[in-house]
Amino acid sequence: MASDSNGSSSEAESSGGQDSSVSQPADSQPSGTTHEGQADDDKSSLFSYVREAHSKAPEIGYGHRWYDRPYNVLFWLRRSWRRRMLPDALLRRCLYGINYLLQFYTHDVNKAWSKNDEMRNLSVPQDEHVTIPDLWTIELFPPSEFKTLAQSISRNSWDSQRLSFEYGQDKQDQLKRTRDSNGQSWWRLVSISDPAAPFTYPAGSTEKLPWPFSGIELTAIQVGAGLTAVVAHFQITPEASYSVDEVWHQMHEPQLIRRRGKLPKAEDRLFSGYRATQESRRALHDAARQWINRRCPGFFTRNNEPHPLIDMLLLEQHDPVRGERGERVFMDALRAIGLTEDTRYRTSPELPNIRLSRVETSLCPTLSTRTWTLWGNRSVLVESHDLRFYGSSDTRAIGHAVDQRIAEFFVLLSISDFIEVTEKQYSILRDTARARHGDFKARDVRRLRTSFLTLSLDTSSVAQDVTKLWNNERRRSEDVCFVLDLAPWLVAAYEEHERPRFTPIDMNNELRANQVDQLEQIVQADQSYRSILSTVASLGASIDTFKIGRIALLIAFASLLVAVVTLILTRESAEPAGSAEPVTTVEVTQSRGVSESPRFIRLSNSYLIKGDFSYSVESGADPVR
């Protein structure tokens, strides 16, 4: 079933094949044009495919395959009185086992399905071919990433091959000047060609590039004073540019995909072709994103987000701009390479005969988010664009011609992605505030400080820069303007049925309104979060001060006890038990009737008695008067 994301449904097949593919051919035709005879033929052919497949792969539990007996045991445990006696945990495990074994049965049905059924097989016209000669990716450098860009220039020695530069300054100086609003709006950062490439760049360098690239150009575009965008243009080798086409035309067999922590997934030939073709296209995308991650990391790399990317797809026969509704089989073929927007058209008068489409990850889950496609017919583009000054290769010439116009618009798209990532970071900061700042510690202070420096500073700076960018009439007049409209065949259907015409949307104005509004909301939210978290930080610091005071008192009291005990032990150890002095008894007799107590003064081992007293000392000596 082409409409099932898992490639097949064992329950539908076991019940006679009543799935969504039965009614789709009839629904795809306009009302009133369906022929009953043709519909009956389609149904009969579909049922014949179902009968043929199930005759080769009997219903699960009725054969002698390795999974039939375990399936029967698990199914028996979940029925009748046994279901009420078993614990819920064991019943869930039984259900998991049943679904696990069903995937193997579905895989056998997919292998037995006829290869003549166009609904379950990927069919690509033999004369149709696709080429991917160029792709672009972008990295942003707000104020918090300025040092990272400067380090990348120095680490990669991108200024060592410079032959000449404006005013005799190097790239580091040029970067500082553009950030000070005194430099030009864009400048070439570096141009690198592979030694095996049939071309070289003026004032460029040569180094061994990873597969599948023959050349890379980095262009720095300044947005205001605090935001620098680095657009990377990757030129793909001729062999790699046809890699997707080779996989696209292959005969794909059903696959059983094993996934860690999940049930295995049975794919029929159609969905197996989807996955394999999209994986070959994503390999090109991943290579570009990995290169920019290693050599020029910035905002998207730091936040572990995929970079925005645009690739160019050139078809040999189909012209996507003509607006003719394709047949179902060919639409499946386009879906295999990641093109699913059949009803929405994004075109630009500055780039004639080229469509801009966004990859829908809901229909193409193998491809990554933030991926766009510029696609058209190769021969039509050669005729409609002036390519006299871009070399002898038509394919490379088309890529260079598009590169001259698409960079500024690509920056506008990436700003929307920047806003999306920033909103995500603020949501994480909001949702984890209680867990991170409930027990206030020193590391939370550092984390809070880092959040303020990155989010608050970047948001306020980018908001000002984007506002200035959209208010710059000169730069706006140079931008490529895309218009979103319905497909021509759908517009004609609206006119035929006298339905209201859809108003085309200017994508540039739409981006402007959305970005300004979203940045204003983020700045307001940032101020609220900053106020709340600052208050929490102050309260946390007060609590820590109170705790530290109590701990200091406990430490002082413990120190006092230790000192007293130490003093006592020291005095006892100063007078040993075997060195006691002899006891001297003194008898004192008052010689006068004076009620005066004698006063004793001890001088070493003798006593001096003041006053008129008579006394005697009994210590073996004569009495002393």
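Above this note sits the structure.
The rules behind these values
- Residues numbered from 1 in each chain as written.
- Predicted model: local features only at pLDDT ≥ 70, side-chain atom pairs only at ≥ 80, totals over all residues.
- Heavy atoms only, no water.
- Helix = DSSP H or I, 4+ residues; strand = E, 2+ residues; numbered from the N terminus.
- Buried < 20%, exposed > 50% of the residue type's maximum accessible area, 1.4 Å probe, protein only.
- Contact = heavy atoms within 4.5 Å.
- Areas by Shrake-Rupley, 256 points an atom, 1.4 Å probe, with all protein chains shown as cover.
- Polar contact = N/O pair within 3.5 Å; in protein donor to acceptor, adjacent residues only side chain to side chain.
- Pairing = 2+ DSSP bridges.
- Salt bridge = Lys/Arg side-chain N within 4 Å of Asp/Glu carboxyl O.
- Axes fitted to C-alpha atoms, helices over the stretch in contact; angles between N-to-C directions.
- Nonpolar A, V, L, I, M, F, W, Y, C, P; charged D, E, K, R; others polar.
- Core = buried A, V, L, I, M, F, W, Y, C linked by side-chain atoms within 4.5 Å.
- Left-handed = near helix turned anticlockwise from the far one by under 90°.
- Phe/Tyr/Trp six-rings, centres within 6.5 Å; stacked < 30°, edge-to-face > 60°.

Observations concerning the overall build of the protein
Counting its regular elements, the protein contains 20 helices and 18 strands. With 625 residues in all, the protein has 44% of them scored as buried. Long-range pairs, those at least 24 residues apart, make up 70% of the contacts in the protein between residues at least 6 apart in sequence. Of the roughly 33900 Å² of accessible surface on the protein, 52% is carried by carbon and sulfur atoms.

Points about the environment of Asn377
Note on placement: Asn377 falls in strand β12 (residues 371-377). Between the C-alpha atom of Asn377 and that of Gln317, which follows or precedes it by 60 residues, the distance is 6.7 Å. In this structure, Asn377 is in contact with Leu315, Glu316, Gln317, His318, Asp319 and Pro320, ignoring residues within four places of it in sequence. Among the polar contacts listed, one links the side chain of Asn377 to the backbone oxygen of His318, at a separation of 3.3 Å.

A few points about the pairing of strand β9 (residues 309-315)
β9 sits mainly inside the fold: 7 of its 7 residues count as buried. The two faces of β9 match: Leu309, Asp311, Leu313 and Leu315 on one face and Ile310, Met312 and Leu314 on the other face are all buried. Relative to β9, strand β1 (residues 130-131) runs antiparallel, the two being bridged by 2 bridges. Each bridged residue has a counterpart across the sheet, and for Thr131 the counterpart in β9 is Leu314. Where strand β2 (residues 134-141) lies against β9, 3 bridges are found, and the strand directions are antiparallel. Looking at the pairing, Leu135 lines up with Asp311 of β9. Taken together, the 7 bridges between β9 and β12 define a ladder with parallel strand orientation. Directly across from Leu315, in β12, lies its bridge partner Asn377.

Here's the deal with the pattern of salt bridges
Applying the stated criterion to the full structure yields 26 salt bridges. Between Asp108 and Lys111 there is a salt bridge; the shortest N-O distance is 3.6 Å. With Asp108 and Lys111 both in helix α6 (residues 88-112) and 3 residues apart, this pair spans about one turn of that helix. Judged by relative accessible area, which is 46%, Lys111 ranks as partly exposed. When salt bridges with common partners are traced through the structure, they connect Glu305, Arg370, Asp417, Glu420 and Lys424 into a single cluster.

Details of the pairing of strand β13 (residues 483-486)
Two strands pair when backbone bridges link them, and strand β10 (residues 344-348) and β13 are joined in this way by 4 bridges, in the antiparallel orientation. Considered in β13, the bridge of Arg344 is made with Leu486. The pairing of β13 with strand β14 (residues 505-506) spans 2 bridges and is classified as antiparallel. Considered in β14, the bridge of Val483 is made with Asp506.

Overview of the environment of Pro133
Its location among the elements puts Pro133 in the loop between β1 and β2. Among the residues examined, Pro133 registers a relative accessible area of 5% and is labelled buried. Placed 180 residues apart in sequence, Pro133 and Leu313 show a C-alpha to C-alpha distance of 7.5 Å. Residues in contact with Pro133, not counting those within four places in the same chain, are Phe234, Gln235, Ile236, Ser241, Met312, Leu314 and Thr395.

Considerations on the packing of helix α11 (residues 269-295) against helix α13 (residues 328-336)
Between α11 and α13, the shortest axis-to-axis distance is 8 Å and the interhelical angle comes to 40 degrees. Every residue of α13 that contacts α11 at Leu270, Phe271, Gly273, Tyr274, Thr277 and Gln278 is listed here: Asp332, Arg335 and Ala336. Tallied by class, the residues present in the contact of α11 with α13 amount to 4 nonpolar, 3 polar and 2 charged.

A word on the nonpolar core
By size, the foremost hydrophobic cluster in this structure holds 51 residues, and its most contacted members are Ile406, Phe409 and Phe482. Sort the elements by how many residues they give to this core and helix α15 (residues 394-431) lands first, with 17 residues. Setting aside anything within four residues of it in sequence, one finds Ile406 in contact with Trp136, Ile310, Leu351, Leu374 and Phe482. Counting 47 residues, the second-largest nonpolar core is a separate cluster that includes Val190, Ile192, Ala336 and Leu339.

Some details on the packing of helix α4 (residues 68-77) against α6
Two elements in contact, α4 and α6, have axes separated by 9 Å at closest approach and are oriented at 145 degrees. Judged by the sense of rotation from one axis to the other, the crossing of α4 with α6 is left-handed. Across from Pro70, Tyr71, Leu74, Phe75 and Leu77 in α4, the residues of α6 making contact are Leu91, Cys94, Gly97, Ile98, Leu101 and Leu102. Its residues placed into classes, the contact of α4 with α6 shows 10 nonpolar, 1 polar and no charged.

Digging into the packing of aromatic side chains
Across all of its chains, the model carries 12 aromatic pairs by this definition. Measuring from centroid to centroid gives 5.5 Å for Phe199 and Tyr201, while their planes differ by 75 degrees, and the two rings are edge-to-face. Exposure remark for Phe199: the relative accessible area of 11% places this residue in the buried category. Its relative accessible area of 11% is what places Tyr201 among the buried residues.

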